[in-house]
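Each chain, letter by letter, is given below.
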Amino acid sequence: MSKYLNNVPFSEEFYEYAKGLEKEWSKSLPKYTDEELLLIFPEAREIIPQKITEYREERKECIENIKEFREKVSAIASEEKKDEFFEWFWRYLYPKYFYAPQVVKLDKHLFRLKRQQRIISGENKKNSYVTDFITLKERAKQQSFVDIALPYLEKIRRTGSRITALCPFHEEKTPSFTIYIDKNTFHCFGCQANGDVITFKMKVENLTFVDAVKELAL
Ligand SMILES: [Zn+2]
């Protein structure tokens with residue numbers, strides 16, 4: 001396989017195809033909310049405060065360095081000679097330090113960590129409804145797509161583990177709405193609508209995510 005791939009000049013078509021694969025792959029990666037992360041990985045409770053302290057110290061150090069650097073800048077700026085060092089300084093060093101990208105990065109991390117910290121400290125009142133909703137969402141997802149969708153479909157035809165029907169989301173004469181029974185998902189080749197049972201419920205009854213989950217799971 002790798003030998004084969006090594007010898008093939010990749011065509012534009014191949015890269016188009018690979019782009020699709022990449023999208024599919026990145027969709028399959030786990031995406032958790034901070035609330036979910038903290039439930040899945042309780043050890044984070046100890047790591048987060050440590051990281052906050054660590055980053056705060058690092059930030060302080062950065063700020064000190066920048067202050068020092070800015071003082072040097074004003075000293076250099078007042079110098080008369082414009083040599084190579086002068087060029088290099090203004091072109092490379094100045095933008096690198098002056099806008100403090102490291103501090104910006106640290107602030108971004110700190111922002112997220114502090115949010116997670118707030119979830120931990122407020123967890124006693126919050127935790128139960130978050131867990132409850134995660135359970136509801138899972139239960140909603142498990143509902144049979146076919147059962148939920150059937151009342152909205154016409155010209156239904158089953159072939160193996162797929163069902164095709166007229167799409168309830170756009171006008172069409174021939175069926176292109178496809179249900180993948182095993183995966184409990186759908187895709188419409190006419191309007192490209194796709195998703196799972198929650199998506200379907202949201203779209204077909206014009207519900208919010210929370211309401212769709214509740215309707216399906218309760
Ligand atoms: Zn459609």
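Residues numbered from 1 in each chain as written. Predicted model: local features only at pLDDT ≥ 70, side-chain atom pairs only at ≥ 80, totals over all residues.

Observations regarding the overall build of the protein
Phase 1 of the analysis: Looking only at helices and strands, the protein has 10 helices and 5 strands in total.
Phase 2 of the analysis: In terms of overall dimensions, the protein is more spread out than a globule: its C-alpha atoms have a radius of gyration of 28 Å, far above the 17 Å expected for 218 residues.
Phase 3 of the analysis: Each principal axis of the C-alpha atoms in the protein carries an extent, and together these give about 85 × 60 × 40 Å.
Phase 4 of the analysis: Here the protein, with 218 residues, has 10% of them falling under the buried criterion. (Helix = DSSP H or I, 4+ residues; strand = E, 2+ residues; numbered from the N terminus. Rg over C-alpha atoms; globule rule 2.2 N^0.38 Å. Buried ≥ 20, exposed ≤ 12 C-beta atoms within 10 Å, placed from the backbone.)

Quick word on the sheet that holds strand β5 (residues 194–196)
Sheet strands associate in pairs through backbone hydrogen bonding, adopting either a parallel or an antiparallel arrangement.
Phase 1 of the analysis: Taken together, the 5 strands give an open sheet; going across it, the order is β1-β2-β3-β4-β5, and neighbouring strands pair in antiparallel fashion. Each having just a single partner strand, β1 (157–159) and β5 make up the two edges of the open sheet. Adjacent strand axes in the sheet meet at a mean angle of 20° when their direction is disregarded.
Phase 2 of the analysis: Docked against the sheet, helix α9 (residues 197–205) engages β4 (185–188) and β5, running at close to 115° with respect to β5. (Pairing = 2+ DSSP bridges. Axes fitted to C-alpha atoms, helices over the stretch in contact; angles between N-to-C directions. Contact = placed C-beta atoms within 7 Å.)

What to know about unusual backbone geometry
Phase 1 of the analysis: We note that Lys155 has phi near 50°; this positive angle belongs to a residue other than glycine.
Phase 2 of the analysis: We classify Lys155 as exposed; it has 12 C-beta atoms within 10 Å.

Digging into the domain arrangement of the protein
For an interface, size is often stated in terms of accessible area lost upon the parts coming together.
Phase 1 of the analysis: Domain assignment breaks the protein into domain 1 (34–121) and domain 2 (144–218).
Phase 2 of the analysis: Here the C-alpha centre of domain 2 lies 48 Å away from the C-alpha centre of domain 1. (Domains from an automatic or database assignment.)

Overview of the packing of α9 against helix α10 (residues 209–217)
Phase 1 of the analysis: Interhelical geometry of α9 versus α10 gives an angle of 110° and a closest axis separation of 9 Å. Considered as vectors, α9 and α10 are oriented roughly perpendicular to each other. As for how α9 packs across α10, the hand of that crossing is right-handed. Of the residues in α10, those touching α9 at Val197, Ile198, Lys201 and Met202 are Phe209, Ala212, Val213, Glu215 and Leu216. (Parallel < 35°, antiparallel > 145°, perpendicular 65-115°, else oblique. Left-handed = near helix turned anticlockwise from the far one by under 90°.)

Some thoughts on α10
Phase 1 of the analysis: Every buried residue belonging to α10 is among Ala212, Val213 and Leu216, and all of these are buried. Around the axis of α10, the buried residues are gathered within 100° of arc, so they sit on the same side. (Arc of directions from axis to C-beta.)

Points about the packing of helix α4 (residues 44–77) against helix α6 (residues 101–121)
Phase 1 of the analysis: Two elements in contact, α4 and α6, have axes whose closest approach is 9 Å; the angle formed by their N-to-C orientations is 150°. The angle between the axes of α4 and α6 places the two elements in the roughly antiparallel class. Between α4 and α6 lies a crossing of left-handed hand. Contact residues: Arg45, Ile48, Pro49, Lys51, Ile52, Tyr55, Glu58, Arg59, Cys62 and Ile63 in α4; Gln102, Val103, Leu106, His109, Leu110, Leu113, Lys114, Gln116, Gln117 and Ile120 in α6.
Phase 2 of the analysis: Class assignment of the residues belonging to the contact of α4 with α6 gives a composition of 11 nonpolar, 4 polar and 5 charged. (Nonpolar A, V, L, I, M, F, W, Y, C, P; charged D, E, K, R; others polar.)

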